[in-house]
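Take a look at the letters that make up each chain.
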Amino acid sequence: IELLDIPNEENAYYYFKQALEKLEWPEDKDELIDTMLDGTEWDQDFVDDLLNTNAQVFELFEQGLACERSQILEAPRYEQAADIDYADCKKLGKLVSLRAWSLFRHGEEKRAFDEAMKLAACGQMIQSSRGSLVQYFCGAVIRHACFDCIIELINDTTLGATTLRNYSLALDEYRPNED
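Residues numbered from 1 in each chain as written. Predicted model: local features only at pLDDT ≥ 70, side-chain atom pairs only at ≥ 80, totals over all residues. Heavy atoms only, no water.

Draft legend 1. Focus on the nonpolar core. Of all hydrophobic cores here, the largest spans 50 residues; its most connected members are Ile 33, Leu 92, Leu 95, Ile 126, Ile 142 and Leu 153. Among the elements of the structure, helix 1 (12–22), helix 2 (30–37), helix 3 (44–53), helix 4 (55–66), helix 5 (86–105), helix 6 (109–127) and helix 7 (133–156) are those that each provide at least two residues to this core. (Core = buried A, V, L, I, M, F, W, Y, C linked by side-chain atoms within 4.5 Å. Buried < 20%, exposed > 50% of the residue type's maximum accessible area, 1.4 Å probe, protein only. Helix = DSSP H or I, 4+ residues; strand = E, 2+ residues; numbered from the N terminus.)

Draft legend 2. View of the confidence of the model for the protein. When pLDDT is averaged along the protein, the result is 89, and 92% of the positions lie at 70 or above. Of all secondary-structure elements in the protein, the lowest mean pLDDT belongs to helix 7, at 90, while helix 3 reaches the highest, 98. (pLDDT = per-residue confidence, 0-100.)

Draft legend 3. Fine view of a nonpolar patch on the surface. Taken together, the side chains of Tyr 86, Leu 133, Tyr 136 and Phe 137 present a nonpolar region at the surface, about 410 Å² in accessible area. Counting residues per element, the nonpolar patch draws most heavily on helix 7, at three residues. (Patch = residues over 30% accessible without salt bridge, like charges linked within 9 Å, V, L, I, M, F, W, Y side chains within 5 Å. Areas by Shrake-Rupley, 256 points an atom, 1.4 Å probe, with all protein chains shown as cover. Salt bridge = Lys/Arg side-chain N within 4 Å of Asp/Glu carboxyl O.)

Draft legend 4. Focus on the packing of aromatic side chains. Tallying each qualifying case throughout the model produces five aromatic pairs. Their ring planes at 45 degrees and their centres at 6.1 Å tell us that Phe 16 and Phe 61 sit as a pair that is tilted. Note that Phe 16 is positioned in helix 1 and Phe 61 in helix 4, a separation of 45 residues in sequence. Accessibility classification places Phe 16 together with Phe 61 in one group, the buried group. (Phe/Tyr/Trp six-rings, centres within 6.5 Å; stacked < 30°, edge-to-face > 60°.)

Draft legend 5. Fine view of the side chain of Glu 109. Position of Glu 109 relative to the elements: it lies in helix 6. Lys 110 provides the closest opposite charge to the buried, unpaired Glu 109, separated from it by 11 Å. (Lys, Arg positive; Asp, Glu negative; His and termini not counted.)

Draft legend 6. Representation of the pattern of salt bridges in the model. Enumeration according to the criterion identifies 11 salt bridges in this entry. Here Asp 88 and Lys 91 are joined by a salt bridge, their closest N and O atoms 3.9 Å apart. Of this pair, Asp 88 and Lys 91 both sit in helix 5, three residues apart, which is roughly one turn of the helix. With relative accessibility at 15%, the residue Lys 91 sits in the buried group.

Draft legend 7. Expanded view of the packing of helix 1 against helix 6. At a minimum axis distance of 10 Å, the contact between helix 1 and helix 6 shows a crossing angle of 110 degrees. What the angle tells us is that helix 1 and helix 6 run roughly perpendicular. Both helix 1 and helix 6 take part in a crossing whose hand is left-handed. Of helix 6, the residues touching helix 1 (which contributes Ala 12, Tyr 13 and Phe 16) are Cys 122, Met 125 and Ile 126. Looking at the contact of helix 1 with helix 6, its residues break down into six nonpolar, no polar and no charged. (Axes fitted to C-alpha atoms, helices over the stretch in contact; angles between N-to-C directions. Parallel < 35°, antiparallel > 145°, perpendicular 65-115°, else oblique. Left-handed = near helix turned anticlockwise from the far one by under 90°. Contact = heavy atoms within 4.5 Å. Nonpolar A, V, L, I, M, F, W, Y, C, P; charged D, E, K, R; others polar.)

Draft legend 8. Local environment of helix 4. Its 12 residues place the ends of helix 4 17 Å apart at the C-alpha level, agreeing with the 16 Å of an ideal helix rising 1.5 Å per residue. Taken as a whole, helix 4 has its buried residues at Val 57, Phe 58, Leu 60, Phe 61 and Gly 64. Looking straight down helix 4, one finds that the buried residues subtend no more than 165 degrees of arc, so they occupy a single side. Helix 4 presents Glu 59 and Ala 66 as exposed residues on the side facing more than 90 degrees away from its buried surface. Looking at the buried side of helix 4, the elements it contacts are helix 1, helix 3, helix 5 and helix 6. (Expected span 1.5 Å × (residues − 1). Arc of directions from axis to C-beta.)

Draft legend 9. Local environment of the side chain of Ser 102. Within the element layout of this structure, Ser 102 appears in helix 5. Classification of Ser 102 by relative accessible area gives buried; the value is 7%. A polar contact of 3.0 Å, which involves the side chain of Ser 102, links it to the side chain of Gln 44. Not counting chain neighbours up to four residues away, the residues in contact with Ser 102 comprise Trp 42, Gln 44, Val 47, Asp 48 and Leu 51. (Polar contact = N/O pair within 3.5 Å; in protein donor to acceptor, adjacent residues only side chain to side chain.)

In structure tokens, the structure reads:
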């Protein structure tokens, strides 16, 4: 794989990789998190603590989203499948989804949908980063977190049909590059 010369500060992948490395996750709370994401339970204090603990993750995530290009940091060697972890990507998707749900529960429905949409952008950027098949699926799991979150948010939203249609059209724009 021939890589383009992209400085780290202009490379979304650089920021996403750092965000994944900094992510702090309470492994013993996976079941609680899953029930919160499907809308059956909510613990705002826990969510606030988790979001605050991962404030730096969100900063790096936003920096990555602000970049126009995304590319793996070095060409993978044959024995090296990926430099990011699938399980961590799943956790990042859940973390951002929790932030979207928190916004939604505080009456900020549009911001909640916007937050969920960021997962589609992040996932697309990772999928298009010229990485391995593992990196492609890491991006896919993040994109699917967007879809899962939006499906749940739709159940309780008061946003109008036109606004929801605009989100649908925006999702069509997030497709991995063909190269």
